[in-house]
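Breakdown of the fold
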Amino acid sequence: MPEDLRKKDPASIRLDGFGMMSNFSSSDQYILLSYYFYEGDGKYKWVLIDKNSGKTIVSNRVENDIDSIQTSYHHIYQLNSCTWCRVLDADPDDCQLKIQLLNLK
């Protein structure tokens, strides 16, 4: 962030147009970056980088192609080099934390 913005009262700074990396996961082949943007309806974007080819994909959503379960949680976490996971929406009557496994191809 530019020095002139850091010196201002935070309440006076307009954040429209700004974004920040909020999370990342890494594997042997991929890096997945989650970004939060302070504008529009689609506030999150994901950037997938293939370490071997250098190919980069930017997406407005992440979808598991094995099942159709979606979640309002935007972060994806690394379990090991072949498996990532994300938290599923909780059932108000169930105290169990549920995660969705994402197996990397």
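Sequence order as written defines residue numbering, which begins from 1 separately in each chain. For this predicted model, a pLDDT threshold of at least 70 governs which residues receive local features, and a threshold of 80 or more governs which side-chain atom pairs are given and counted, while totals over whole chains, interfaces and linings are taken from all residues. The basis for the side-chain values is all heavy atoms of the structure; hydrogens and waters are excluded.

**A look at the sheet that holds strand 7 (residues 99-103)**
For two strands to be treated as a pair, DSSP must find no fewer than two bridges joining them. Put simply, DSSP marks the helices as runs of H or I at least four residues long and the strands as runs of E at least two long, and each gets a number from the N terminus on. Spatial strand order, 5-6-7: three strands in an open sheet with antiparallel pairing. With partners counted over all chains shown, the strands left at the sheet margins are strand 5 (77-80) and strand 7, one partner each. Here the strands of the sheet are splayed against their neighbours by 35 degrees on average, with no regard to which way each runs. By the bridge criterion, five bridges tie strand 6 (residues 83-87) to strand 7 in an arrangement that is antiparallel. By the bridge assignment, valine 87 is partnered in strand 7 with isoleucine 99. Whenever a helix is involved, its axis is fitted only over the stretch in contact; in every case the axis is a line through C-alpha atoms, and angles between N-to-C directions fall within 0 to 180 degrees.

**Re the nonpolar core**
Residues Tyr30, Leu32, Tyr36, Tyr44, Trp46, Val62, Ile76, Trp84 and Leu102 constitute the largest nonpolar core, which totals nine residues. Contributing elements (two or more residues each) for this core: strand 2 (30-37) and strand 3 (44-50). Of all the elements, strand 2 adds the most residues to this core, at three residues. Contacts were defined at the residue level, with two residues in contact if any of their heavy atoms lie within 4.5 Å. Excluding anything up to four places from it in sequence, isoleucine 76 contacts Asn23, Phe24, Ser25, Leu32, Val62, Trp84, Cys85, Arg86 and Leu102. Grouping buried Ala, Val, Leu, Ile, Met, Phe, Trp, Tyr and Cys residues that are joined through side-chain atoms within 4.5 Å yields what is termed a nonpolar core. Exposure categories follow from relative accessible area, calculated using a 1.4 Å probe and restricted to protein chains: below 20% of the type maximum is buried, above 50% is exposed, and the middle band is partly exposed.

**Let's talk about the layout of surface pockets**
The method works on a 1 Å grid over the protein atoms by themselves. A cavity is a set of points holding a 1.4 Å probe that cannot get out, a pocket is an open set with protein on both sides within 12 Å along at least five of seven lines, and residues with an atom within 4 Å of a point line them. Grid points are joined across faces, edges and corners, and a volume is the space filled by probe spheres set on the points. The computed volume of the largest pocket comes to approximately 600 Å³. The wall of the largest pocket is formed by 22 residues, among which Leu48, Val62, Glu63, Trp84 and Leu104 lie closest to the centre. Secondary-structure elements contributing two or more residues to the lining of the largest pocket are strand 2, strand 3, strand 4 (56-59) and strand 7. By residue number, the principal contributor to the lining of the largest pocket is strand 3, which donates four residues. Here the nonpolar group is Ala, Val, Leu, Ile, Met, Phe, Trp, Tyr, Cys and Pro; Asp, Glu, Lys and Arg are the charged ones; every other residue, Gly included, is treated as polar. Of the residues assigned to the lining of the largest pocket, the class counts are twelve nonpolar, four polar and six charged.

**Quick word on the side chain of glutamine 100**
Mapped onto the secondary structure, glutamine 100 falls in strand 7. Polar contacts, as used here, are pairs of N or O atoms within 3.5 Å; protein pairs need one atom able to donate a hydrogen and one able to accept it. Residues neighboring in sequence count only if both atoms are side-chain atoms. A distance of 3.3 Å separates a polar atom in the side chain of glutamine 100 from the backbone oxygen of isoleucine 69. In this structure the side chain of glutamine 100 is engaged in a polar contact, spanning 2.7 Å, whose partner is the side chain of arginine 86. Discounting residues that sit within four places of it in the chain, glutamine 100 has contacts with Asn64, Asp67, Ile69, Trp84, Cys85, Arg86 and Leu88.

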